[in-house]
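A structural walkthrough
What follows is each chain in one-letter form.
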Amino acid sequence: MFMKVGIIREEKNPPDSRVPLTPEQCQYLMQIDQNLEIVIQSSEKRCFADSEYQEKNISVVKDVSNCDILLGVKEVSINSLVANKTYLFFSHTHKKQPYNRKLLQTILLKKIRLIDYECLCDVQGKRVIAFGHWAGVVGAHNAILAWGKRYQSFALQSMHQCHDFAEAKTYYNDLSLPNFKIVITGDGRVSNGAATVLDLMKIKQVSPQDFLEEKFSYPVYTKLGVKDMYAKKGEDIFNEPNYYKHPEEYDSIFEPYTKVSDMMINGIYWEKGVPTFFSEEDMKKDDFNIKVIADVTCDIAPDASIPCTIRPSTIADPIYGYDPNLEKEIKPFQPQSIDIMAVDNLPNELPRDASEDFGNQLIDRVWDELKKPNSQMIYDATIAINGKLNQPYEYLQDFVNFNQ
C-alpha cells in the first residue's frame with residue numbers, strides 16, 4: 001500500500017532544529033520501499049538544510065497536507081494542525097501538562113490520530129525511541145561548564161557552538177578539573193549519556209558507598225539507581241516491583257549525597273507520587289553541599305523532583321541562580337546561589353548527532369510497526385483517534401474537559 005510521509009517544519013519557540021529523519025535516512029527508506037514517498041516541509045531552522053534533502057532526491061515542499069503521516073519532533077502549533085491526519089511527535093500531554101491542554105483539545109476536535117513518541121514501548125514496557133542519551137550528554141557538559149563559570153577555574157566551549165559531538169570532545173583533552181564529586185541520578189539513557197561525557201573528561205566513576213565514605217584527590221562521579229535513592233517507609237528495604245506500583249509508600253534516602261556532592265545531574269524519570277530528593281528546607285541547611293544542579297529531567301516545581309527547578313532555561317542562557325534562603329531566583333555564580341541548568345531541549349545543542357540517532361531508532365524499532373494494520377505498540381502509543389481519547393488514555397478526559 002502506498003504511503004506518503006511528510007516531515008513537518010518545527011515551529012515551537014524557542015526554535016528547535018532537530019529532525020525525525022536525516023536526508024540519508026529518508027533516502028534509505030525510499031530505496032527499500034517503492035511504495036513510500038517522503039517529502040520535507042521547507043524550513044530555514046533545521047540543522048539539515050533543505051538543500052541537503054534535495055541532494056538526496058527528497059522533495060522539499062511548502063504544503064504537506066496531502067501526506068498520510070506527518071512526523072515532527074516538538075509540539076505542533078495549534079494553527080498548523082491538519083484535520084484527519086496521523087501525527088507523530090512529542091506532545092507532552094499524557095501527564096496532563098496544563099500548557100498543552102489546548103493542543104490536545106484541538107487534536108480531538110480535528111479528529112487527528114496522535115501517536116506520541118514518548119509512549120512507544122516494547123513488550124516489557126520500555127521506551128523504544130528517545131533523545132535521552134543526547135540530553136544526558138549535553139546536560140553533563142553544561143554542568144561542568146557551569147562549574148567552570150562559577151569558580152572561574154576553567155573555560156569550556158558551549159555545546160551548541162560546536163558543529164557536532166566530535167568537535168565538542170576535542171575540548172575535553174586539555175581540560176584541567178578540580179577534585180569535585182558529581183552524583184548522577186538514574187540508570188537509563190540520560191544517565192548513561194551523562195556518564196559518557198564524564199568518562200571522556202577522565203572523571204573516575206566510583207561506587208555509591210565509596211562516594212559517600214571516601215575522600216579523593218581527583219574528580220569522581222557515581223550513578224544512583226532507584227534502590228540507592230528510596231526505601232520503604234519505616235523500613236530499610238527496597239522492593240523494585242513494589243516501588244514502581246506504589247512509589248508513595250517510599251521515602252527518599254538521598255540526603256547523605258547532598259552532604260558530600262558538589263554537583264548533581266538529574267536524569268531520572270519522575271511523576272507525582274514519587275518522593276522528591278530533598279525539600280526547600282533541606283536546601284537551607286548548612287551541610288547542604290551541592291552548588292550546581294543540571295536538571296536534565298526538567299520537571300518544573302512544585303510538580304518536580306527538585307524544588308529549585310522553578311523554570312526552564314534556554315540554550316542561549318542556560319544557567320540561573322537559586323537562593324535557598326529567599327526561595328527565589330537570583331543571578332548565578334554568586335556565593336549564596338545554587339546554580340541551576342534546566343534547559344528543556346538539551347539535545348537541540350547537538351541537533352545533527354541527536355537527529356541521526358533518533359532516526360535510527362525510528363527506523364529500527366518503529367517504522368515496520370507503523371505499516372502494520374494492527375500494531376500493539378502503535379495502539380498503546382496512540383493518545384487520540386477519530387475525535388476521542390484512545391482507551392489507554394481515557395484518564396485524560398477530565399483534563400481535556402477542563403475549561404479555564
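Criteria and thresholds
- Residues take numbers from 1 onward in each chain, read along the sequence in its written order.
- Only residues with pLDDT of 70 or above have their local features reported here, since the model is predicted, and side-chain atom pairs are shown and tallied only from 80 upward, although totals for entire chains, interfaces and linings are computed over all residues.
- The side-chain figures draw on all heavy atoms in the structure; neither hydrogens nor water molecules are used.
- Numbering of helices and strands runs from the N terminus, with a helix taken as a DSSP run of H or I at least four residues long and a strand as a DSSP run of E at least two residues long.
- We compute the radius of gyration from the C-alpha atoms alone; for a globule the expected value is 2.2 Å times N to the 0.38, where N is the number of residues.
- Per-residue accessibility, obtained with a 1.4 Å probe over protein chains only, is compared with the maximum for each type, and a residue is labelled buried under 20%, exposed over 50%, and partly exposed between these values.
- In this analysis, two residues are considered to be in contact whenever any of their non-hydrogen atoms come within 4.5 Å of each other.
- Computed with the Shrake-Rupley method and a 1.4 Å probe, the accessible areas treat only the protein chains shown as cover for residues.
- Asp and Glu are treated as the negative residues and Lys and Arg as the positive ones, with His and the ends of the chain left uncounted.
- Charge positions come from single atoms, namely NZ of Lys, CZ of Arg, CG of Asp or CD of Glu.
- We call two N or O atoms a polar contact when they sit within 3.5 Å, provided that within protein one can donate a hydrogen and the other can accept it, with sequence-adjacent residues counted only if both atoms are side-chain atoms.
- UniProt positions are given in the numbering used here, feature names are shortened, and annotations may be inferred rather than shown by experiment.
- Pairing between strands is defined by DSSP: at least two bridges between the two strands are required.
- Angles run from 0 to 180 degrees between N-to-C directions of axes, and those axes are lines fitted to C-alpha atoms, restricted for helices to the stretch in contact.
- Salt bridge, as applied in this entry: a Lys or Arg side-chain nitrogen positioned within 4 Å of an Asp or Glu carboxyl oxygen.
- These descriptions rest on fixed angle ranges, namely under 35 degrees for roughly parallel, over 145 for roughly antiparallel, 65 to 115 for roughly perpendicular, and the rest for oblique.
- Crossing chirality is assigned from the near helix's rotation relative to the far helix, an anticlockwise turn below a right angle marking it left-handed and a clockwise turn marking it right-handed.
- When residues are sorted by character, Ala, Val, Leu, Ile, Met, Phe, Trp, Tyr, Cys and Pro go into the nonpolar class, Asp, Glu, Lys and Arg into the charged class, and all the rest, Gly among them, into the polar class.

Quick look at the overall build of the protein chain now. Along the backbone of the protein chain there are 13 helices and 18 strands. Since a compact globule built from 404 residues should have a radius of gyration of about 22 Å, the 22 Å found for the protein chain is in line with a globular shape. Dimensions of the protein chain, computed from the C-alpha atoms along their principal axes, are close to 65 × 50 × 35 Å. Burial analysis of the protein chain (404 residues in total) assigns 53% to the buried set. Sequence separation of 24 or more characterises 67% of the internal contacts of the protein chain that already satisfy a separation of 6 or more. Of the roughly 18,900 Å² that the protein chain leaves accessible, carbon and sulfur atoms contribute 46%. Once the 45 positive and 58 negative side-chain charges of the protein chain are each reduced to a mean point, those two points are 4 Å apart.

Checked against the element boundaries, Glu 75 lands in the loop between strand 4 (69-71) and strand 5 (86-89). A distance of 3.2 Å separates polar atoms of two side chains, one belonging to Glu 75 and the other to His 92. The residues contacting Glu 75, other than those within four sequence positions of it, are Lys 12, Phe 89, Phe 90, Ser 91, His 92, Tyr 99, Asn 100 and Leu 103.

Looking now at the UniProt feature "binding site: NAD(+)" (unreviewed entry) in the protein chain. Sites flagged by UniProt as "binding site: NAD(+)" (unreviewed entry) map to Asp 236, Tyr 269 and Val 296. A stretch of 61 residues holds the annotated residues, and the largest C-alpha distance among them is 28.8 Å, long enough that they do not meet in one place. The residue Asp 236 is located in the loop between strand 10 (230-232) and helix 9 (240-245) in this model. By secondary structure assignment, the location of Tyr 269 is in the loop between strand 12 (263-266) and strand 13 (292-295). Judged by its relative accessible area of 47%, Tyr 269 falls in the partly exposed class.

On to the sheet that holds strand 13. Within a sheet, neighbouring strands are paired by backbone hydrogen bonds and run either parallel or antiparallel to one another. Read across the open sheet, the eight strands follow the order 8-9-7-12-13-16-14-15; overall the sheet is mixed. Looking along the sheet, the strands with just one partner apiece sit at the ends: strand 8 (204-205) and strand 15 (328-330). With three bridges connecting them, strand 13 and strand 16 (residues 338-341) associate as parallel partners. Counterpart to Ala 294 in the pairing with strand 16 is Met 341. Here helix 4 (residues 132-151) sits on the sheet and contacts strand 7 (181-185), strand 12, strand 13, strand 14 (319-323) and strand 16; the angle it forms with strand 13, its principal contact strand, is near 155°.

In this fold, Lys 4 is placed in strand 1 (residues 3-7). Although Lys 4 is buried, it makes no salt bridge; Glu 37 carries the closest opposite charge, 4.2 Å away. Apart from the residues within four sequence positions on either side, Lys 4 is in contact with Glu 37, Val 39, Asn 66, Cys 67, Asp 68 and Ile 69.

The sites that carry the UniProt feature "active site" (unreviewed entry) are, in the present numbering, Lys 74 and His 92. Spanning 19 residues, the named residues nonetheless gather at one spot, since no C-alpha pair among them exceeds 8.7 Å. Looking at where Lys 74 falls in the secondary structure, it is placed in the loop between strand 4 and strand 5. Not counting residues within four places of it along the chain, the set of residues in contact with Lys 74 comprises Glu 10, Lys 12, Asp 16, Arg 18, Phe 89, Phe 90, His 92, Asp 344 and Asn 345. For His 92, the location among the structural elements is in the loop between strand 5 and helix 3 (101-109). Setting aside residues up to four positions removed in sequence, His 92 forms contacts with Lys 74, Glu 75, Gln 97, Tyr 99, Asn 100, Asp 116 and Glu 118.

This brings us to the pattern of salt bridges. Under the criterion given, the structure shown has 19 salt bridges. Ionic pairing is found between Asp 16 and Arg 18, a salt bridge with its closest N-O pair at 2.7 Å. In this pair, the class of Asp 16 matches that of Arg 18, namely buried. Of the charged contacts in the structure, one is a salt bridge between Asp 228 and Lys 227, with a shortest N-O distance of 3.4 Å. Three or more residues are tied together by salt bridges with common partners; here these are Asp 33, Asp 368 and Lys 371.

Before going further, it helps to spend a moment on the packing of helix 4 against helix 6 (residues 189-200). One can describe the packing of helix 4 onto helix 6 by two numbers: an axis separation of 6 Å at closest approach and a directional angle of 45°. For the element pair helix 4 / helix 6, the angle class is oblique. For the pair helix 4 and helix 6, the crossing hand works out as right-handed. Between helix 4 and helix 6, the residues in contact are Gly 132, His 133, Gly 136, Val 137, Ala 140, His 141 and Ile 144 and Arg 189, Val 190, Gly 193, Ala 194, Thr 196, Val 197 and Leu 198, respectively. When its residues are assigned to classes, the contact of helix 4 with helix 6 shows seven nonpolar, six polar and one charged.

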